[in-house]
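# Structural features, examined
One letter stands for each residue in the lines below.
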Amino acid sequence: MSHFRVDLVFNAFNEIESIEKDLNLINFLCSENNVINRVYVIEDGSTDGTSEKLKELSDKYNLSLSQSEERRGYSNALIEGLSISKSEYIFFSDLGGKFDWSEVNNLIGKLPDNDLVIGVRKHRNDQKYRRLLTYLYSRYILFFYGIKSNDPDSGFRIYKRSLIGEIMKSDLINKHLLNSELTVKCIAKNCNYAEVPIKYFQRKGPSRGMPLSTIPKVIFSTIKNSFRIKKQINEYR
């Protein structure tokens, strides 16, 4: 029997089309895995009925909800998830029908030997330019920081609470690519980490991914911010 527990924390914003299906699959996952402790949903100022649907489903699926009328953003959703969850390990992801939730088990299978477990998106059917950007960005992370990750900005991951809690005490710099910043900082702490291949599906409806028109600006910002992040991680050593 495992002597650790994992909380599942999900960020939700305007997911009315997929929220009930996602929660049904997550509920089945929890019924099959006794390591999972609780499910938390951080609802982020939805305007499409997601907020009301979550209230309706919270008892059925035994959810712990944190809801806001205002957009809090990804980083604040993660901070909120850390503050209200209790278990030693925290799985964090967006909802939206993009993942096969049964694959959470594959990440849990890498515990407790690892402090960070990242789901590497494979067999992707999203835009080709986004897949190319993921590849190039992972090469940049290796070149600039000397840190190897095949999908540093993947939003399907498990953190050890003590590790991510320590990381979150410092300023978060790269808000556009927060997951990759956390990846770099965790690995720079010399944590044990693992990467696990997962499936990734295109969200139904309009893509919420970074539009092509903003990519040059984000690239410039990311390179500029890299020097600030590197200064932070140099203080770890």
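Residues numbered from 1 in each chain as written. Predicted model: local features only at pLDDT ≥ 70, side-chain atom pairs only at ≥ 80, totals over all residues. Heavy atoms only, no water.

The side chains of a regular strand alternate, residue by residue, between the two faces of the sheet. Counting buried residues along strand 4 (residues 89–94), 6 of its 6 residues qualify, which places the element largely inside the surrounding structure. Burial along strand 4 is two-sided: the face carrying Tyr89, Phe91 and Ser93 and the face carrying Ile90, Phe92 and Asp94 are both buried. With 6 bridges joining them, strand 1 (residues 6–12) and strand 4 adopt parallel strand pairing. Bridging from a neighbouring strand, Leu8 pairs with Phe91 of strand 4. (Buried < 20%, exposed > 50% of the residue type's maximum accessible area, 1.4 Å probe, protein only. Helix = DSSP H or I, 4+ residues; strand = E, 2+ residues; numbered from the N terminus. Pairing = 2+ DSSP bridges.)

Note that Met168 resides in the loop between helix 6 (161–167) and helix 7 (178–188). You can call Met168 buried: its relative accessible area is 16%. Remark: the alpha-carbon pair of Met168 and Lys185, spanning 17 residues in sequence, is separated by 9.7 Å. When residues no more than four places from it in sequence are discounted, the contact partners of Met168 are Ser75, Leu78, Ile79, Leu82 and Leu182. (Contact = heavy atoms within 4.5 Å.)

Our focus in this paragraph is the sheet that holds strand 2 (residues 36–44). Pairing in this open sheet of 7 strands is mixed, and the strands run 3-2-1-4-6-5-7 from one edge to the other. The open sheet has two edge strands with one neighbour each: strand 3 (63–68) and strand 7 (193–199). For this sheet, the mean angle separating the axes of adjacent strands, direction not counted, is 20°. Contacts from helix 7 reach strand 5 (116–122), strand 6 (157–160) and strand 7, with the element oriented near 40° to strand 6. (Axes fitted to C-alpha atoms, helices over the stretch in contact; angles between N-to-C directions.)

Another aspect to go through is unusual backbone geometry. Leaving glycine aside, a negative phi is the common case for residues, and trans is the common case for peptide bonds. Cis geometry is adopted by the peptide bond preceding Pro112, which originates at Leu111 and carries an omega value of 0°. Relative to the helices and strands, Pro112 resides in the loop between helix 4 (104–108) and strand 5. The residue Asn14 is not glycine, and still its phi comes out positive at about 50°. Looking at the element boundaries, Asn14 is found in the loop between strand 1 and helix 1 (19–32). Asn14 gets classed as buried once you look at its relative accessible area, which sits at 19%. Even without glycine at this site, Asn190 takes up a positive phi of about 65°. As for its placement among the helices and strands, Asn190 is situated in the loop between helix 7 and strand 7. With a relative accessible area of 68%, Asn190 lands in the exposed category.

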